[in-house]
Each structure stands twice: as C-alpha cells, then as structure tokens.
Amino acid sequence: MPLVTPNLLKIALAATLCIGSGAAVQAQNAAPQVQKVAAATPAPKLLVVIAVDQLSADLYAEYRSRFGGGLARLGSGVVFPSGYQAHGATETCPGHSTILTGGHPSRTGIVANNYFNLDAPRDDKRVYCAEDETVPGTSSRSGQYAPSVTKLLVPTLGDLMKARDPRAQVVSVAGKDRSAIMMGGHKADEVMWLAPGGLATYRGAALSPVAQQASTAIAGAIATARGPLTLPAECERQDIAVALDGGKGNVGTGRMARDAGDFRRFLASPEADGAVLATAAALRQARKMGEGDTTDLLIVGLAATDYVGHGTGTEGSEMCLQMAGVDREVGDFLARLDATGIDYAVVLTADHGGHDLPERNRQNAWPDAQRVDRALDPEALGKAVAEKLGLPQPLMLGEGGDYYLSKSLTAAQRKAALGELLPRLRAHPQVEGVVTKEELAAHPVSKRPADVWTLMDKLRASFHPERSGDFIIALKPRVTPIAEPGVGYVATHGSVWDYDRRVPILFWRKGMTGFEQPNAVMTVDIMPTLASLIGLPVDTATIDGRCLDLIPGPETSCR
Ligand SMILES: [Zn+2]
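Read from one edge to the other, the open sheet built from four strands follows the order β13-β14-β16-β15, with strand pairing classed as antiparallel. Two strands bound the open sheet, and with one partner strand each, they are β13 (396-399) and β15 (431-436). When strand polarity is set aside, the average angle formed by the axes of neighbouring strands in this sheet is 20°. Alignment of β15 against strand β16 (residues 471-475), held across five bridges, turns out to be antiparallel. Across the sheet, Val435 pairs through a bridge with Ile472, a residue of β16. Here helix α15 (residues 378-389) sits on the sheet and contacts β13 and β14 (402-405); the angle it forms with β13, its principal contact strand, is near 160°.

Between two packed helices, both the angle of their axes relative to each other and the distance between the axes serve to describe the pair. The contact between α15 and helix α16 (residues 411-426) brings their axes to 10 Å, and the two run at 130°. Classed by the angle they form, the pair α15 and α16 counts as oblique. At the point where α15 passes α16, the crossing takes the right-handed sense. Within the contact between the two elements, α15 uses Leu381, Ala384, Val385, Lys388 and Leu389 and α16 uses Ala416, Ala417, Glu420, Leu421, Arg424 and Leu425. In terms of residue class, the contact of α15 with α16 is built from eight nonpolar, no polar and three charged.

In this section: the coordination of the zinc ion. Ideal geometry at a metal gives 109.5 degrees between four tetrahedral donors and either 90 or 180 degrees between six octahedral ones. The protein atoms that coordinate the zinc ion are Asp53 (OD), Thr92 (OG1), Asp351 (OD) and His352 (NE2), at distances of 2.0 to 2.1 Å. The coordination sphere of the zinc ion comprises four donor atoms, whose angles at the metal cover 95 to 139°; the geometry is irregular. In terms of primary sequence, the donors binding the zinc ion are separated according to D-x38-T-x258-D-H. Of this pair, Thr92 sits in helix α5 (residues 92-99) while Asp351 sits in the loop between β11 (344-349) and α14 (358-363), placing them 259 residues apart in sequence. Summarising the burial analysis for this pair, Thr92 and Asp351 share the class buried.

Grouped together as the largest cluster of nonpolar side chains are 61 residues, with contacts concentrated most on Ile50, Leu194, Phe266, Leu302, Val330, Phe333 and Tyr344. Here Phe333 is in contact with Val48, Ile50, Leu277, Ala280, Ala281, Leu298 and Val300, once residues within four sequence places are set aside. Counting 30 residues, the second largest nonpolar core, distinct from the first, contains Val78, Val347, Val521 and Ile534.

So, on to the side chain of Ser148. Mapping Ser148 onto the fold places it in the loop between β4 (126-128) and α7 (157-164). Judged by its relative accessible area of 7%, Ser148 falls in the buried class.

So, on to empty space enclosed by the protein. To find the voids left in a structure, one rolls a probe of water-molecule size over its atoms. Inspection of the entire model under this criterion finds four cavities of 30 Å³ or more. Empty space within the second largest cavity amounts to approximately 50 Å³. For the second largest cavity, the full set of lining residues is Val37, Ala38, Ala39, Thr41, Arg509, Leu533, Ile551, Thr556, Ser557 and Arg559. Of the residues that constitute the lining of the second largest cavity, the class distribution is five nonpolar, three polar and two charged.

Within the secondary structure, Glu432 sits in strand β15. Note: C-alpha distance between Glu432 and Ala474 (42 residues apart in sequence) is 5.5 Å. Beyond its immediate stretch of four places on either side in the chain, Glu432 contacts Leu455, Ala474, Leu475, Lys476, Pro477 and Trp497.

Turning to the packing of helix α9 (residues 209-222) against helix α11 (residues 270-287), a few remarks are in order. Between α9 and α11, whose axes approach to 10 Å, the crossing angle comes to 160°. When the axes of α9 and α11 are compared, the pair comes out roughly antiparallel. Crossing of α9 against α11: the hand is right-handed. Two secondary-structure elements touch here, α9 through Val210, Ala211, Ala214, Ile218 and Ala221 and α11 through Glu271, Ala275, Thr279, Ala282, Leu283 and Ala286. Looking at side-chain class alone, the contact of α9 with α11 contains nine nonpolar, one polar and one charged residues.

A few words now on the confidence of the model for the chain. The pLDDT averaged across the chain works out to 94; a share of 94% of its residues lies at or above 70. Here residues 1-6 is a poorly scored stretch, pLDDT under 50, and it has 16 contacts once near neighbours within four places are set aside; other chains count. Counting contacts from residues 18-29, a segment whose pLDDT is below 50, to residues more than four positions away or on other chains yields 15 contacts.

Okay, helix α12 (residues 304-312) next. The buried count for α12 comes to eight of nine residues, which makes it a mostly enclosed element. All buried positions along α12 are accounted for by Ala304, Thr305, Asp306, Val308, Gly309, His310, Gly311 and Thr312.

Criteria and cut-off values
- Residues numbered from 1 in each chain as written.
- Predicted model: local features only at pLDDT ≥ 70, side-chain atom pairs only at ≥ 80, totals over all residues.
- Heavy atoms only, no water.
- Pairing = 2+ DSSP bridges.
- Helix = DSSP H or I, 4+ residues; strand = E, 2+ residues; numbered from the N terminus.
- Axes fitted to C-alpha atoms, helices over the stretch in contact; angles between N-to-C directions.
- Contact = heavy atoms within 4.5 Å.
- Parallel < 35°, antiparallel > 145°, perpendicular 65-115°, else oblique.
- Left-handed = near helix turned anticlockwise from the far one by under 90°.
- Nonpolar A, V, L, I, M, F, W, Y, C, P; charged D, E, K, R; others polar.
- Donors = N, O, S within 2.8 Å, 3.2 Å for Na, K, Ca; no water.
- Tetrahedral: all angles 85-135°; square planar, octahedral: opposite > 155°, others 65-115°.
- Buried < 20%, exposed > 50% of the residue type's maximum accessible area, 1.4 Å probe, protein only.
- Core = buried A, V, L, I, M, F, W, Y, C linked by side-chain atoms within 4.5 Å.
- 1 Å grid on protein atoms, 1.4 Å probe; cavity = no way out; pocket = protein on both sides within 12 Å on 5 of 7 lines; lining within 4 Å.
- Points joined across faces, edges and corners; volume = space filled by probe spheres on them.
- pLDDT = per-residue confidence, 0-100.

Shown next, in the form of structure tokens:
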C-alpha cells in the first residue's frame, strides 16, 4: 500500500502528545473474547460521533468496496446506506445542526450557512450561522465574526447528557467552526476547530494545555511544504483532467502538493482530517474520557472531503486520494481507541451529500448540467425589478435560495415587487419552484419517509419564520449554484435533490451484530438512537427523529 499522505504530522502530534500506536498493536494481539451486544448490554462508556463533511451516499457507495481501514470497520456494523439530511437547504451548518439535536433545521433554527437579519445592529445584515452578530465591530465575513452557539435554538445530545450528569464530558473538534459548534452544543467542555495558526476556539476562551500543544504541532505542519502524494493504483482510472468553464484551468489530476503555509490546501487534504482526529484522541486521553462512571461524548468533524469536493469535484484523483486518506485516518483513530480497552460506540455520517462539477457531469452522464444564470442573483434581480417598477433600491438581498425584500417597502410596494418577481422567477428555465414564507409557514413538517418528500416538505424542514427569506427558490436538478468556477470552488451542494440529501449513517460498537437496512432513515434519528443506547430519556415532542433499533431480530436497542 503506497503512502498516500506523509505521516509527519501524526508523528509530530504523537511525539508531542504521547499518543503512540504501539498499544494498538498490543490490543490486536491480545484479541480478548468479545461479548455480543444485546438489549441488556450496559451503556457504552464513550460515544464517538464523526461527521465527514460532504460524504454523500453516492460517494460512500462508490468507494465502499475499496475501503480497508476505519470506513471498512464502520461498514461492518449497522449500515443505513440511505440516510437523509431530509431538508432542502443542504448546507454545512443546517446539516451539522441536525446530527446531535434530533431536529430539522426548522427546529434548530439553523436554516442556512448564512441568513439575513435586516434588523441586525450593524451595517452587514448577513448573519453567519455560528456567530453572534450583536458583538460590536463584527461582520459575517470570515475572520471578522465572533464565533458563537447562540443561533442554535435547541439542546444537543451533549447538553442533555450534562443536564443528567454534570460529570459527563463533551469535547468537539472539527475542521470548521460551524461543525464543531453545531455538534458540540451549548455546554461542551471544549470546542475547537482548525485555523491558520493551528486550532482556534471561542473569543475570550483559551485552548486547554493539551489543545494548545496540538495547535502548535498543527501550526508546524501547516508551515511545512508538502510534496505531491503518490496516487494509489486504484485511483489511476480517475486521473483524468477536465477543463473548467471559461478557461479557468483543469481539475481531476491533482496530487495535493502545497507550499509552506498554504492553509487552504492543507484543509483540502487528509492531513487536516488526521490533525483533527489526533487532537480528539489526545484530548480523550488527557481527560480520561470513557474511563469514568458516566458516558462521555467525543465529537469529530472532518472537513477535508468537503474542501476537496468544492475545489476539484467528486470524481477525480483528488477525491480518490481523500477517500483513501480519510479511511486510513479514521482507522488509525479507532485503533487508538481500541488500545484503551474502553467500550465505545461510534456513529459516522455527513452534514450533506455532494454533486460533481457540471463540466465533468456533461462529459458522461448529463450533457445538460449547467452553472446558474447570474440573473437569478438576488441583488441583480432586485436591481432589475426596482428599475422597472420605480421602487427604492436596494430592493432585495439574499443567498443560497433565500430572498429577503427590503423592510423599507410599503405594503403596496412589497405587493408590486412580489407580483413582478415571483412570475419572473417561476418562468426561469433553471428554477424548479418558488415558495413564499407564508406558504411555508402554513405547511406542516412532513412525517412521511424522507425519500418521498415533496419540494414543499423539503423546504419546510429548513424554514424558520424569523430567519428564512420572504421567498425561497429551488433550482432544477444539476444546476450548480456557482456561476463561474474559481480557485477552490468549482462544485457544490445545497440543493433539494437527493445527491445533496442522501448520506450514509453507520453505527459500530465492539460485539455488535452488523446488518444493513436500505430504507430511508434520517440524520435526526441519530440523537434519539444514541440517547437510547445510554438510557437517556428524550421527550419525543421536542425532536423530529426517532430511535433506530441497532439490534437485528425482535430484540431492540430502543428503550
Ligand atoms: Zn458541509
């Protein structure tokens, strides 16, 4: 097996944090008799939640037979290959908000990565999902906001575990702040994410000594140039260059080389996932998580797959290198957990699926794959309509399908604007549908299986009356909402279609009898499933998910 990424960072972290792999070998040799998991089996001492950003069900299916590391192990457990991030706004922040709350974004309040608050007490009316816009001097732009969990309107599993037993430890480490924050919740002991300087946490909070050590090791790795990775033989058939629209270069044959200090390329590689996993392992060890009387929760958000998907699409050499890398890194992490002898349970899922770039989709499956028409941009469209009707400008703001009309409009002006905008949008050849907030507010959250949801059902599940736009548009299938490809951003997710909604949901625990169940379950089912495993009561009226039975046959793990 060729070395697909340098292990320099892992070695540095292991040396710094005393997390060797020798113990893992020892544990394998010992091979103790494993007790079969049954309904009466005591709760695991450690819950491990791994979210792989943009790991679609399609990507999992494509690579499943090639996995030999951590993903292969988790695939031997209880496999729901057709899990659903059921809602329409299939973005990172909403998706992560469903995983450990049991709620759709309509309940968590995380309707998009960015939404607009036209009453925000600052010039920038755009609000990032994981910021506090009331902090003076902030904006929603990267590096200028104050990271915060205040937008999340419901408790997470970790919050409920701490409410039951304050000794329960909750630690959340991720490649992105919104991933760490939305899964960590309101009361986590430690929340951190990758940053150009290593690791970062909330303003005014300090990294713990072990997190600081990890941060220093990661900063050292970022500062070190990386040569091209060796392409494994099984990736060779994906090593085909595809030309980007507008002469913007090629993707598909990358090897993940980067210059010293290139944080963007560091993020888009398995090295970043390895850094997050090594940090999580080190924090677990330092805190003795899983070694006390109560169950602890270790949360890991792996972002590299998403950066690779956005930067180079889902079907090139780059994604093949990334899949091999995440499989190996998760495997190494699990081996470290094995070495502790702790009874732990793992769930792995994703915040949303993904879709390849239109240039590559056109070559084989879908000649009609398109990039979005710039005329649909809320500001451009608002300008055109305001000029036609003589309305005040700016008429409209928006992003990602949510359109917000100016609050300065009179009722008559608003009516006139909608009367012009909605038919115009509905007639556009790239638009599947346009729905107003009044229509969505009147539509109940669907209780039907997520694979048969209507467009209204999907949009309703990521609608919040105080945060969503005045109307929401959905693009037709295979219309990529990036008008022009740019560096690091050629393909995306976010649509209402199943390629962006379907994700794997994998459960694994030592002694578990694995099985596969292809029915459509949902990521909102993960929280009540884990809660049941540890005997934590959850008021079903406060969530949208339900417990998934992880024991084959008539016995059930749902208490
Ligand atoms: Zn994401």
